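Summary of structural features
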Amino acid sequence: MENIKILVVDDEPDILEFVKYNLEKEGYAVKTALDGREGLELVRSWQPQLVLLDVMMPQLDGIEVCRQIRHDEKIKQPLIVFLTARSEDYSQIAGFDAGGDDYITKPIRIRVLVSRLKALLRRFSTDISEDQNTIKLDKLFIDKEKMLIYVDGEACTLAKKEYELLLLLVSKPGKVFSRDEIFAKVWGADLIVGERTIDVHIRKIREKIGENYIKTIKGIGYKFVIPAADTET
């Protein structure tokens, strides 16, 4: 784990010290920041693979920090996991809508935290070639140049929009794509389609590649997961 860099951003020094100590014991390289602005600067300069981000902070709150990270093309996009004492649904939805990958509620249980982070990091360890023309995830292989998909070595035929939708989801395994984001990127923001269009396409993709690769996030959207590594309940 020595190559994995984790940034922890929280305005409580005790939490920073506690989390940093335990993550370093697991072999991760860890840096900390006490507010959102400092955290954002470290993301840009240090380029961590994962950011643990408190929601309620001075300077910039965690939601805004996440938004700025996701919209900065110069940043090699990290996993973003929110730390929050708030359990309201709207807070969780706001985090996912901003581009967050997961959330963990306080008080932090270190064994749960470490387990969740390991699962996330495994799920995001994709085998993508340097030329970006091929993607291999579990038993799924995509040749982007030839627009071919193989499941466990067997060729699979997807319609154009099914292919584009799948390609969007696998571009960031584990990331929750909202329905609005999917509509904008696959169909175009100005194109009017039926409310059930995404659901129908997801159903057809699942029929062709298997049921376990695409997970529904109720009330938000969909994400691509690697079944063997997906530990969420």
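Residues numbered from 1 in each chain as written. Predicted model: local features only at pLDDT ≥ 70, side-chain atom pairs only at ≥ 80, totals over all residues. Heavy atoms only, no water.

Where helix H2 (residues 36-46) meets helix H3 (residues 62-70), the closest approach of the two axes is 10 Å, and the angle between their N-to-C directions is 25 degrees. Considering the angle they form, H2 stands roughly parallel to H3. Judged by the twist between their axes, the crossing of H2 over H3 is right-handed. Contact with H2, carried on its side by Gly36, Leu40, Val43 and Arg44, involves Val65, Gln68 and Ile69 of H3 and no other residues of that element. When grouped by side-chain class, the residues that make up the contact of H2 with H3 number four nonpolar, two polar and one charged. (Axes fitted to C-alpha atoms, helices over the stretch in contact; angles between N-to-C directions. Helix = DSSP H or I, 4+ residues; strand = E, 2+ residues; numbered from the N terminus. Parallel < 35°, antiparallel > 145°, perpendicular 65-115°, else oblique. Left-handed = near helix turned anticlockwise from the far one by under 90°. Contact = heavy atoms within 4.5 Å. Nonpolar A, V, L, I, M, F, W, Y, C, P; charged D, E, K, R; others polar.)

Our focus in this paragraph is the sheet that holds strand S12 (residues 214-217). The antiparallel open sheet is built from three strands, whose spatial order is S11-S13-S12. Two strands lie at the open edges of the sheet, namely strand S11 (177-178) and S12, each paired on one side alone. Two strands pair when backbone bridges link them, and S11 and strand S13 (residues 221-224) are joined in this way by two bridges, in the antiparallel orientation. In the sheet register, phenylalanine 177 faces S13, and the bridge partner there is tyrosine 222. Across the sheet, helix H6 (residues 160-171) lies against S11, S12 and S13, angled at about 70 degrees from S13, the strand it touches most. Packing against the sheet, helix H8 (residues 197-209) makes contact with S12 and S13, and its axis sits at approximately 150 degrees to S12. (Pairing = 2+ DSSP bridges.)

Moving on: the confidence of the model for the chain. In this model, the chain carries an average pLDDT of 85, and 87% of its residues clear a pLDDT of 70 or more. Note that residues 127-131 has pLDDT below 50 and, in this model, six contacts with residues that lie over four places away or in other chains. Within the model, the stretch residues 229-233 combines pLDDT values under 50 with 13 contacts to residues more than four positions away or in other chains. (pLDDT = per-residue confidence, 0-100.)

A separate point is the nonpolar core. Leu166, Ile182 and Phe224 are the most contacted members of the largest nonpolar core, which has 28 residues in total. Residue assignment for this core shows that the elements contributing at least two residues are strand S7 (134-137), strand S8 (140-143), strand S9 (148-151), H6, helix H7 (179-188), H8 and S13. When residues of this core are assigned to their parent elements, the largest contribution, six residues, is made by H6. Among all residues touching isoleucine 182, those that are not within four sequence positions of it are Leu165, Leu168, Phe177, Trp187, Ile198 and Tyr222. By size, the runner-up hydrophobic cluster in this structure holds 21 residues, among which are Ile6, Leu23, Ile104 and Leu113. (Core = buried A, V, L, I, M, F, W, Y, C linked by side-chain atoms within 4.5 Å. Buried < 20%, exposed > 50% of the residue type's maximum accessible area, 1.4 Å probe, protein only.)

The linkage connecting lysine 106 with the following residue, proline 107, adopts the cis geometry, with an omega of 0 degrees. By secondary structure assignment, the location of proline 107 is in the loop between strand S5 (102-105) and helix H5 (110-123). Backbone geometry places glutamine 47, a non-glycine residue, at a positive phi of 55 degrees. In this fold, glutamine 47 is placed in the loop between H2 and strand S3 (50-54). Residue classification places glutamine 47 among the partly exposed positions, given a relative accessible area of 24%. With phi around 55 degrees, aspartate 138 is a residue other than glycine that occupies positive phi space. Along the chain, aspartate 138 turns up in the loop between S7 and S8. Overall, the relative accessible area of 33% leaves aspartate 138 in the partly exposed class.

Here the focus is the packing of H6 against H7. When two helices pack together, their arrangement is given by the angle between the helix axes and the distance between those axes. Look at H6 against H7: their axes get within 10 Å of each other, and the N-to-C directions meet at 135 degrees. One element, H6, and the other, H7, form an angle in the oblique class. Helix-helix and strand crossings are classified by hand; for H6 and H7 the assignment is right-handed. Every residue of H7 that contacts H6 at Lys161, Glu164, Leu165 and Leu168 is listed here: Ile182, Lys185, Val186 and Trp187. Looking at the contact of H6 with H7 residue by residue, the classes come out as five nonpolar, no polar and three charged.

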